[in-house]
Each structure stands twice: as C-alpha cells, then as structure tokens.
Amino acid sequence: MERSIAVIDFGSQYTQLIVRRIRELGYFAKLWQPDELRSVEKPAAVILSGGPRSTLEEDAPDIDFEYLRGMEVPILGVCYGMQLLNLKYGGEVAPGHTREYGPATLVPVEKGGLFEGLSERSQIWMSHSDTVSKLPEGAKVLAENLDAVPVALQWDDEVFGIQFHPEVTHSDEGTKVLQNFLKLAKDPLEFKIDSFKDYLLKKVKQDVGDRKVVCGVSGGVDSSVLAALLHEAGVDARFIFVDMGLLRKNEAADVQTLFDSIGIEIDTIDASEMYLSALAGVEDPEEKRRIIGRLFVKVFFDAVGDDVQLLAQGTLYPDVIESATSGSMASTIKTHHNRVDKIMELKEQGRILEPLDELFKDEVRALGKVLGLPAEVVGRHPFPGPGLAVRCPGAITFERLEIIRGADAIFIEVLRQRDWYDRVWQAYAGLIPVKTVGVKGDERSYEFAVNLRAVVSEDAMTAKWVHLPYELLEEVSTRILNEVPGVNRVLYDISSKPPASIEWE
Ligand code: XMP
C-alpha cells in the first residue's frame, strides 16, 4: 500500500510495537525486512528499528543506504537503527561491554522538531550495548541523558536517530517523539478503521472475483469478523462450523444465534462423538492435539468436498510478522489445526484468502464493530483452537467436559456481572484431574477439583494472573460447589506466564 510508514525490522522485540503506535496515531504503518527495502513503494517515512545484534559484527544486518536516501523521505533510526545510520554517515560506534537496559532521563537540547512540546526532563527506556562513539561532521546532538551522553542525533535534513525506545510505555513521552517525527511524513496514508473497511471490502471483491470461498467459523473474534467481511463484500461464500464436542456450555447454539442475527447461513457439522471416541483414553497432550488436528482436516475437507476454490483464513498481522521473521511459511497458519500440508498445497496454488493479515487483534475487534458485529462477540476472550481439550489434563471424557462447562459458565457469568470480563485478557475454569476427599451433606465425597484462571496480557506471549477480588472468587466458588456435580474443591491459579502457560493441558 502506498504512502504508508515503512518500519524496517532489525529484530528488536519491540518492533511490532512501533507499528502499533503509529497506527494508534492514525497513520498506516507496515513492517519490512531490511532486504525488502526496494519493494517498499513510495513510503511516507522510514523508521529503522532496534535489534539485538551489533552493527560491528561482520555479518550485521545492513540496509541499502544509497537507496534509502534516494527515497527522499524522513528517516528515523531507533537504537540499532541509530547506530547504523551513524556509521553510514561516516561516524563511529563502539562496542559496549554491558547492556544498558532500563530507564534513563531524556534532556532535549533542541527544543523544537523531534522534541517539540517535550518536558525539560522525562523518562526514556534504554536497551542497547553498543554506543555511538564519534559523530560525523555536521551531525547535531538533539538530546542527551543526565551524563551529557547524546541520545538523539540529526545527520541530515529530516534524518534522525534516537538511542531510546519511543514505542514502549516506559518512555513517558515517546509517543510525542513519534508524533513529531510523523508530522514530517510525506503525504502519509491515514489509518482509520472505517476507511480501512472500505479498502478491505474492495480488495476482497477483487481478489475473489467469481470464485467460491469456503470459510471455517468458530464463534471466535477473528473468524466471525472474517465471515462478516466476506458477507458484506457480497462474495459467494460458504461458512462451516465444526462442533468438536470441545466447546463451552451452550456455545454451539450461541454461534448459530450469532450468525442468524447477522444474516449469515452456516453449515454446522456435529463431529462431537467422533472426537470423543478418537480421544478416549488419550492422556498425552501432544497426542491429543495431533488427533484433534487430523480429525479437523478430515471433517472440514470432507464437508467442503472438491469444490474449494478459495479457502478464507483469519490470519492476523502478528502471525505474518512472526513467519517473516522466523522465515517459515508454516507458522502463518494456526498450527493447532494441523492443516499445514493441505494449507501449504492451497497456498502454493494461490487459493488462500487472508484479508485480515494486515491487522492487529485490537484492530480486528474495531473492524468487527464497524461491520456491525455485537459488542459481546468482538469483545470475546481468545479461545484455543483445540477447545476444552487444553483445559482438561489427563483423559478426556464427556463427564469431565461437563464439569468444565458447568464451572466455566458460572465463572464467566460472575465476571460479566461484576464488570470484570472486559478487564481480563482471558478467563476460564479447567479441570484438575485429581480426586480428593471432601464432605457433602453427611457423607464423604471423593471428587475432582476445578481451577479458575484469569490473566491479563497484551499478546499472550507473557501473562500475569489477575488480582480478582476475594468476594468475587468466593461467590464463584460457592456457586460451583453447589451447582456443579462432581466437584468438591475450587482453586485459583496464581501463576504467571512464564513459567506457567495460560492453558492447562
Ligand atoms: P498458552 O497456553 O500457550 O496460550 O500460554 C497462549 C494463548 O494461545 C491460546 N492457545 C491456542 N490457541 N490453538 C489456538 O488457536 C492452540 O492450540 C492454542 N493453545 C493455546 C491460549 O488460549 C492463549 O490465548
């Protein structure tokens, strides 16, 4: 897409965040690998990201500097990007012996330009080891730290470098620095979800033409937004919902109601018995995933038959970025479904449609909203592809799944009633497959325990357990113990990720 802000990825863990911040500021930004520079069409500005490597290493990631300068757009180097630019302009970089990681103080020397409107002092976030040791002639220091070490430079008209990370929230006024830089961008494309919806609708129509599309739906945010988009675009699409018997309480009916309400017809395939018998007696989590994946391919493609001309998938931008950086196509695919071989085959034939692949999760939610999906749908917590199978360690049986369904429904209901649902990233009840002794009425019981899990997270890579109020936990526990047969204990999981994971399998 023309006139977007091109962010060149040198591998920093924060690079995606730069893209997100720019989009939050209302401009369209995309991530590119350094060797893709020549494919970036007419960017409005270029940002060179940070990275874990040293510019002094022999095979350090590089950029075609002449080409970059020839683009005649504003350039901002962040961290590694700044060191690289300093070298390119003829300055020097010295190896650091320790990594500076953490907060520092920014003291702007030049008050205008990049630092327009910034405080005299503000906190910035550092993460680097090498430092700029000699400036080339003509370079200007725009800001320093408290020890008068330069942390922001300008080498040329509209070419800047900053040693800190403006994209992380620990840099108090980082967003302002980005905003000031973006003021210089050449005719940048605005990013507003309404206009992006129109662009996507046009693109979907064009890409599909008169081909037939097949799309799997699950009731989750991504596939629901994808379905709404295809529907609105008016393409010839068929929607398939595979009920693996691993859904939450009433979920199959809820999915049906949702799609009825937006006027989309879905084919539901009840494969629950097939799944339960295939999973009977299987305790190994990897084996469970393999079985679930294999069966999904079979059930889905049996239902589709041979007339699949295009398969639509709800792949999001982070999946694409991850695959570009890891260099593996396979990771763009939600591997839990183990559809890799089949998908790869379709991909090679140009028969995969992934219209959401430029969007982050929160943008997909915003798109869902403007496409008219109900707030409860776009605000839903993520739900894993293998469903309750990853919340039921040990053997999976119908009875155990029923315990999870009962407990989970109560937990979620109370979270909603107490206004906690939208404040957590993900919450659920799972089964602890250990029976212990308890007392019910006058009798001893010997029953399972249930675990409650609620976490906050930005990207599911890390997560923190949520400090839910004791009163809420008490209400949930009392109701589960009274209302769900087969349970005599409720525990709250206070493990963060890492080292724990979000799911329990
Ligand atoms: P973990 O348990 O790995 O979960 O901390 C991270 C996030 O991913 C979800 N999850 C999955 N999603 N297929 C999916 O589509 C899967 O196999 C799968 N396993 C975990 C999980 O719900 C959480 O949001």
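None of these values were measured; they are calculated from a predicted model.

Q: Could you give me a rundown of the overall build of the chain, with the residues and numbers involved?
A: Tallying secondary structure elements over the chain gives 15 helices and 20 strands in all. Against the 2.2 N^0.38 benchmark of 23 Å for 505 residues, the chain shows a C-alpha radius of gyration of 26 Å, consistent with a compact globule. Overall size of the chain, expressed as C-alpha extent along the three principal axes, is 85 × 60 × 40 Å. Taken across its 505 residues, the chain has 52% of its residues classed as buried. A sequence separation of at least 24 residues applies to 74% of the contacts in the chain between residues at least 6 apart.

Q: Account for the domain arrangement of the chain, naming residues and giving values.
A: For the chain, the domain assignment lists domain 1 (5-182), domain 2 (193-378) and domain 3 (397-492). Computed from C-alpha atoms alone, the centre-to-centre distance between domain 1 and domain 3 is 46 Å.

Q: Which residues make up unusual backbone geometry, and what values go with them?
A: In this model, Lys-497 is joined to Pro-498 through a cis peptide bond whose omega is -10 degrees. Mapped onto the elements of the fold, Pro-498 is located in the segment after strand E20 (487-492). Backbone geometry places Cys-79, a non-glycine residue, at a positive phi of 60 degrees. Looking at the element boundaries, Cys-79 is found in the loop between strand E4 (75-78) and helix H3 (80-88). Phi is positive for Asn-250, close to 60 degrees, though the residue is something other than glycine.

Q: Give a detailed account of the site of the ligand, specifying residues and quantitative values.
A: Taken together, 13 residues surround the ligand, and among them Arg-289, Gln-426, Lys-497, Ile-502 and Glu-503 come closest. The side chain of Arg-289 places a nitrogen or oxygen atom 2.6 Å from an oxygen atom of the ligand. Lys-497 is positioned with one of its side-chain polar atoms (N or O) 2.7 Å from an oxygen atom of the ligand. Taken together, the residues of the shell around the ligand sort by class into six nonpolar, four polar and three charged.

Q: Talk me through the pattern of salt bridges; I want residue IDs and the actual numbers.
A: Here the idea is simple: oppositely charged side chains can pair when their charged atoms come close. With the rule as written, the count across this model stands at 28 salt bridges. For Glu-447, the salt bridge identified is with Lys-440, shortest N-O distance 3.1 Å. The exposure class of Glu-447 is buried, given its relative accessible area of 16%. Accessibility expressed as a relative area gives 31% for Lys-440, which makes it partly exposed. Here the salt bridges do not stand alone but share partners, grouping Arg-53, Glu-57 and Asp-59 into one network.

Q: Account for helix H15 (residues 470-483), naming residues and giving values.
A: Between its first and last C-alpha, H15 extends 20 Å over 14 residues, near the 20 Å set by a 1.5 Å rise per residue. When H15 is considered as a whole, its buried residues turn out to be Leu-472, Leu-473, Val-476, Ser-477 and Ile-480. End-on view of H15: buried residues confined to an arc of 130 degrees, all on one side of the axis. Away from the buried face of H15 by more than 90 degrees, exposed residues Tyr-470, Glu-471, Glu-474 and Asn-482 are located. Packing partners of the buried residues in H15 comprise helix H14 (398-417), strand E18 (443-456) and E20.

Q: Describe the packing of aromatic side chains, naming the residues involved and giving the relevant values.
A: We describe a pair of aromatic rings using the distance from one ring centre to the other and the angle between the two ring planes. Summed over the entire model, instances satisfying the criterion amount to 13 aromatic pairs. Measuring from centroid to centroid gives 5.5 Å for Phe-28 and Phe-196, while their planes differ by 25 degrees, and the two rings are stacked. Residue Phe-28 is found in the loop between helix H1 (15-24) and strand E2 (29-32), and its partner Phe-196 is found in helix H5 (residues 193-208); the two are separated by 168 residues along the sequence. As far as the burial class goes, Phe-28 and Phe-196 line up, both buried.

Q: Please provide a residue-by-residue account of the sheet that holds strand E15 (residues 310-312), values included.
A: Pairing is parallel across the open sheet formed by five strands, whose spatial order is E14-E13-E12-E15-E16. Two strands bound the open sheet, and with one partner strand each, they are strand E14 (266-270) and strand E16 (352-353). As judged from the two bridges shared by E15 and E16, these two strands associate in the parallel manner. Its bridge partner being in E16, Ala-312 is matched across the sheet by Leu-353.

Cut-offs and rules
- Residues numbered from 1 in each chain as written.
- Predicted model: local features only at pLDDT ≥ 70, side-chain atom pairs only at ≥ 80, totals over all residues.
- Heavy atoms only, no water.
- Helix = DSSP H or I, 4+ residues; strand = E, 2+ residues; numbered from the N terminus.
- Rg over C-alpha atoms; globule rule 2.2 N^0.38 Å.
- Buried < 20%, exposed > 50% of the residue type's maximum accessible area, 1.4 Å probe, protein only.
- Contact = heavy atoms within 4.5 Å.
- Domains from an automatic or database assignment.
- Near = heavy atom within 4 Å.
- Polar contact = N/O pair within 3.5 Å; in protein donor to acceptor, adjacent residues only side chain to side chain.
- Nonpolar A, V, L, I, M, F, W, Y, C, P; charged D, E, K, R; others polar.
- Salt bridge = Lys/Arg side-chain N within 4 Å of Asp/Glu carboxyl O.
- Expected span 1.5 Å × (residues − 1).
- Arc of directions from axis to C-beta.
- Phe/Tyr/Trp six-rings, centres within 6.5 Å; stacked < 30°, edge-to-face > 60°.
- Pairing = 2+ DSSP bridges.

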